[in-house]
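Below are the chains, spelled out letter by letter.
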Amino acid sequence: MSSVHSVCCEAAGVAGNLFAFVLFVSPIPTFRRIIRNRSTEQFSGLPYIYALLNCLICLWYGMPLVSPGIILVATVNSVGAIFQLIYVAIFITYAEKAKKMKMSGLLMAVFGIYAIIVFMSMKLLDPHSRQLFVGYLSVASLISMFASPLFIINLVVQTRSVEYMPFYLSLSTFLMSLSFFTYGMLKHDPFIYVPNGIGTLLGVVQLALYTYYNRTSREDLGSREPFIDSYA
């Protein structure tokens, strides 16, 4: 049974890594546009700063020095941190001077916060307290990231349109959260399964809204009278 349990844990963790990769690469079209136009236009770099901090905190939580046995949490967040750092670097490169200074300052602040967290957890806390301290920080960080899907859900309800909620991103978010929820349950780690359980529920809501409003939009289009009258 232990071997089956271990295989299921690894499978859930690897699946979570794969689905997360889809989310990590999703901003690439935006940054291709930024590089092509040599301008950040009206895009904001703040989501990538927040995502970088989140990945760094969760990466530290998944490290053996903090939480032995959940290395797949560290792998997914190390990849995520690399992607977010690249996005932030591109944004800073092509941003106007004011934005460039602001983003550079925020990037330094992120590394400063991360260094403080690592120092405090290693120098001031015993192993158990260290895991609790970083675990609570990771949960708070992950829950704060749910502001984005909540905003999108509200936007879909207000506009009655799924234009701003791509199906494959919603599906990937749901599958990633479900995979890590399963991984956390099998590892008996509430710092993993609680935030990802919330993410799974939000994913279900997004997919349900997509199904409902996508069908509604199609029905409206089908029942709409032709714009140009026929003179035949």
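You'll find the structure just up there.
Residues numbered from 1 in each chain as written. Predicted model: local features only at pLDDT ≥ 70, side-chain atom pairs only at ≥ 80, totals over all residues. Heavy atoms only, no water.

Asker: What is the right way to look at the overall build of the protein chain in this model?
Answerer: Counting its secondary structure elements, the protein chain contains nine helices and zero strands. Reported as C-alpha extents along the three principal axes, the dimensions of the protein chain are approximately 85 × 55 × 25 Å. Considering the protein chain as a whole, with its 232 residues, one finds that 38% of them fall into the buried category. Just so you have it, the protein chain exposes about 13,500 Å², and 69% of that area is on carbon and sulfur atoms. (Helix = DSSP H or I, 4+ residues; strand = E, 2+ residues; numbered from the N terminus. Buried < 20%, exposed > 50% of the residue type's maximum accessible area, 1.4 Å probe, protein only. Areas by Shrake-Rupley, 256 points an atom, 1.4 Å probe, with all protein chains shown as cover.)

Asker: When you look at the nonpolar core in this model, what are you seeing that I'm missing?
Answerer: Membership of the largest hydrophobic core comes to 42 residues, with the highest contact counts inside it found for F31, L56, Y61, V88, F180, Y183 and I192. Mapped onto this core, the elements with two or more residues apiece are α1 (2–25), α2 (28–37), α3 (46–62), α4 (71–94), α5 (97–123), α6 (127–144), α8 (167–186) and α9 (190–223). At 12 residues, α4 tops the list of elements feeding residues into this core. With near-sequence residues (within four places) excluded, Y183 lies in contact with C9, A12, G13, G69, I70, I71, L72, V73 and I192. Membership of the second largest hydrophobic core comes to nine residues, among which are I153, V156, V162 and Y213. (Core = buried A, V, L, I, M, F, W, Y, C linked by side-chain atoms within 4.5 Å. Contact = heavy atoms within 4.5 Å.)

Asker: Would you mind showing me how to read the environment of T182 here?
Answerer: With respect to the helices and strands, T182 occurs in helix α8. We classify T182 as partly exposed; its relative accessible area is 32%. Among the polar contacts listed, one links the side chain of T182 to the backbone oxygen of L178, at a separation of 2.9 Å. (Polar contact = N/O pair within 3.5 Å; in protein donor to acceptor, adjacent residues only side chain to side chain.)

Asker: How do you make sense of the side chain of N54 when you look at a structure like this?
Answerer: Residue placement: N54 occurs in helix α3. By relative accessible area, which is 7% here, N54 ends up buried. For N54, the side chain forms a polar contact with the side chain of S141, separated by 2.7 Å. With near-sequence residues (within four places) excluded, N54 lies in contact with N77, S141, L142 and M145.

Asker: Would you take a moment to explain a nonpolar patch on the surface for this structure?
Answerer: Among the surface-exposed residues, I116, F119, M120 and L124 lie close enough to one another that they form a single nonpolar patch of about 410 Å² accessible area. Among the secondary structure elements, I116 is positioned in helix α5. (Patch = residues over 30% accessible without salt bridge, like charges linked within 9 Å, V, L, I, M, F, W, Y side chains within 5 Å. Salt bridge = Lys/Arg side-chain N within 4 Å of Asp/Glu carboxyl O.)

Asker: Would you mind showing me how to read the side chain of S177 here?
Answerer: Within the secondary structure, S177 is located in helix α8. For S177, the contacting residues outside a window of four places in its chain are N196, G199 and T200.

Asker: Would you take a moment to explain the pattern of salt bridges for this structure?
Answerer: Pairing between side chains becomes possible if they bear opposite charge and their charged atoms approach one another. According to the stated counting rule, one finds one salt bridge in the structure shown. Residues E41 and R33 are paired through a salt bridge, measuring 2.6 Å at the closest nitrogen-oxygen approach. Given the relative accessible area of 36%, R33 is considered partly exposed.

Asker: How should the environment of S172 be read in this particular structure?
Answerer: By the element assignment, S172 lies in helix α8. Remark: the alpha-carbon pair of S172 and V7, spanning 165 residues in sequence, is separated by 22 Å. Leave out the neighbours within four places in its chain, and S172 touches F19, V22 and L23. Among the polar contacts listed, one links the side chain of S172 to the backbone oxygen of Y168, at a separation of 2.8 Å.

Asker: Help me out: how do you make sense of unusual backbone geometry in this one?
Answerer: In most cases, non-glycine residues show a negative phi, while peptide bonds are predominantly trans. At R160, a position not held by glycine, the phi torsion is positive, near 55°. Mapped onto the elements of the fold, R160 is located in the loop between α7 (147–159) and α8. Under the relative-accessibility criterion, R160 is labelled partly exposed at 45%. Phi at H188 is positive, roughly 55°, even though this residue is not glycine. You can call H188 exposed: its relative accessible area is 65%.

Asker: In this structure, what is going on with the packing of α1 against α4? I would like to understand it.
Answerer: Put simply, α1 and α4 touch, their axes get as near as 9 Å, and they point 10° apart. When the interaxial angle is binned, α1 and α4 end up roughly parallel. Of the residues in α4, those touching α1 at E10, G13, V14, G16, N17, A20, F21, F24 and V25 are L72, T75, V76, V79, G80, F83, Q84 and Y87. Of the residues assigned to the contact of α1 with α4, the class counts are 10 nonpolar, six polar and one charged. (Axes fitted to C-alpha atoms, helices over the stretch in contact; angles between N-to-C directions. Parallel < 35°, antiparallel > 145°, perpendicular 65-115°, else oblique. Nonpolar A, V, L, I, M, F, W, Y, C, P; charged D, E, K, R; others polar.)

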